[in-house]
Amino acid sequence: MSEHVEWSEPEGTAPAATTAAVTPADAADAARLVSFGLQPKLQPARDQEYADLLRRYREDPPFARLADAVATGLGLIVLEVSPRAGMAVTAAEDSVFAVRMGDYARRTSADGGDRFLHGLAHLAVAAMAFPRPEDLADDGYIGRVTVNGVDAFVRQACRRLEERAAEQGENTDPATDAPGLEAAWRIWVRRSATGATKDARRLAGSTTGIVAKAVAFLTESGFLQRTGDDNGGTYRTTARYQLQVRDMAGSAAMAELLELGVVPVTDGTPTLLPPEESDDLELVADAGLPFHSS
């Protein structure tokens with residue numbers, strides 16, 4: 001007869017009326033559910049075992065606590081468990097599953113000076129995909145972006161920042177290696193939008209090349225789905241990406257970008273207008289990008 005451990009509440013809380021036994025099979029099922037959550041492209045609707053485990057998570061509180069504990073032990077944060085998103089998880093900074101900016105930069109062949117630009121590309125994609133608080137709050141909302149649209153949006157944002165700095169009498173031409181988001185935007189506008197090789201391929205170091213790498217990474221991670229080739233590539237958001245952006249929405253850089261005023265449009269093209277005064281958005285403090293800075 002196999003051994004089992006008793007699942008109990010933390011010390012200091014009243015014991016439940018009935019304490020359910022957690023068996024090795026339960027632990028295996030919980031770990032299996034977490035493993036499904038680590039496969040971002042896997043859709044519950046297309047995998048019966050995944051759908052069954054999600055149903056069990058929703059209907060069996062002790063099993064849900066066990067799955068949450070497995071995720072926590074792996075350094076994962078559970079964002080949502082639902083039929084639309086599956087078991088959506090994101091990696092904590094100390095998790096073995098964390099994707100770090102240095103790793104991302106190496107994967108995109110970016111030098112140290114370009115890391116600001118790659119980070120800005122991710123911020124701009126998120127801001128264009130969900131430009132209003134109600135877009136993030138609406139589970140049925142689908143954002144759409146294009147590579148050329150994101151690049152044009154950042155260039156408009158840069159011009160807006162330059163105008164604001166000029167009005168305030170600030171330096172509008174900082175050193176190219178200066179830290180900070182405004183410096184990154186100003187470096188961006190100096191970079192060629194496309195460039196081209198002799199065979200007309202887009203240069204990886206151009207700003208549209210940087211955006212293309214960002215959306216390719218997000219697509220591989222299950223956050224975006226490619227829908228066409230117009231305007232450098234067109235993409236739609238997934239439920240997982242909406243949850244990820246909710247988690248990162250409190251970052252100072254994201255808030256500053258949204259404050260410039262992004263108007264939602266359906267074809268992925270950018271428009272900047274003065275933002276409406278609103279206190280509706282409750283932001284998550286100290287949230288970051290889909291990858292970590294170190």
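Scroll up to find the structure.
Residues numbered from 1 in each chain as written. Predicted model: local features only at pLDDT ≥ 70, side-chain atom pairs only at ≥ 80, totals over all residues. Heavy atoms only, no water.

Visitor: So what exactly am I meant to see when it comes to the overall build of the protein here?
Guide: Broken down by element type, the protein carries 11 helices and seven strands. Expressed as a percentage of its 294 residues, the buried residues of the protein come to 43%. Looking at the protein alone, contacts between residues at least 24 apart form 61% of all its contacts between residues at least 6 apart. As presented, the protein carries roughly 15,300 Å² of accessible surface, and 51% of it is formed by carbon and sulfur atoms. (Helix = DSSP H or I, 4+ residues; strand = E, 2+ residues; numbered from the N terminus. Buried < 20%, exposed > 50% of the residue type's maximum accessible area, 1.4 Å probe, protein only. Contact = heavy atoms within 4.5 Å. Areas by Shrake-Rupley, 256 points an atom, 1.4 Å probe, with all protein chains shown as cover.)

Visitor: Could you clarify how one ought to interpret the sheet that holds strand E5 (residues 144–146) in this entry?
Guide: The strands that make up a sheet are held in pairs by hydrogen bonds between backbone atoms, and each pair lies either parallel or antiparallel. Taken in spatial order, the three strands of this open sheet run E5-E7-E6, and their pairing is antiparallel. A single partner strand is all that each edge strand has here, and the edge strands are E5 and strand E6 (224–228). Between one strand and the next, the sheet's axes are offset by a mean angle of 30 degrees, whatever the strand orientation. As paired strands, E6 and strand E7 (residues 234–237) are joined by four bridges and run antiparallel to one another. Counterpart to Leu 224 in the pairing with E7 is Thr 237. In the packing of helix H7 (residues 147–167) onto the sheet, the strands contacted are E5 and E7, and the crossing angle to E5 comes to about 80 degrees. (Pairing = 2+ DSSP bridges. Axes fitted to C-alpha atoms, helices over the stretch in contact; angles between N-to-C directions.)

Visitor: Before we go on, may I ask you to explain the pairing of strand E3 (residues 76–82) in this structure?
Guide: Looking along a regular strand, one sees the side chains alternate between the two faces of the sheet. Two strands pair when backbone bridges link them, and E3 and strand E4 (residues 86–91) are joined in this way by six bridges, in the antiparallel orientation. Paired with Leu 76 across the two strands is Ala 91, which belongs to E4.

Visitor: Explanation requested: the packing of helix H5 (residues 115–129) against helix H10 (residues 239–248) in the structure shown.
Guide: Relative to each other, H5 and H10 sit at 110 degrees, their axes nearing to 11 Å. Judged by the angle between their axes, H5 and H10 are roughly perpendicular. Pair H5 / H10 crosses with left-handed handedness. Taking contact as the criterion, the partners of His 122, Leu 123, Val 125, Ala 126 and Ala 129 in H5 are, on H10, Tyr 241, Val 245 and Met 248. Of the residues that constitute the contact of H5 with H10, the class distribution is seven nonpolar, one polar and no charged. (Parallel < 35°, antiparallel > 145°, perpendicular 65-115°, else oblique. Left-handed = near helix turned anticlockwise from the far one by under 90°. Nonpolar A, V, L, I, M, F, W, Y, C, P; charged D, E, K, R; others polar.)

Visitor: What is the right way to read a nonpolar patch on the surface from this model?
Guide: Taken together, Leu 38, Leu 74, Val 96 and Phe 97 make up a surface patch of nonpolar side chains, about 340 Å² in accessible area. Here Leu 74 is to be found in the loop between helix H3 (61–73) and E3. (Patch = residues over 30% accessible without salt bridge, like charges linked within 9 Å, V, L, I, M, F, W, Y side chains within 5 Å. Salt bridge = Lys/Arg side-chain N within 4 Å of Asp/Glu carboxyl O.)

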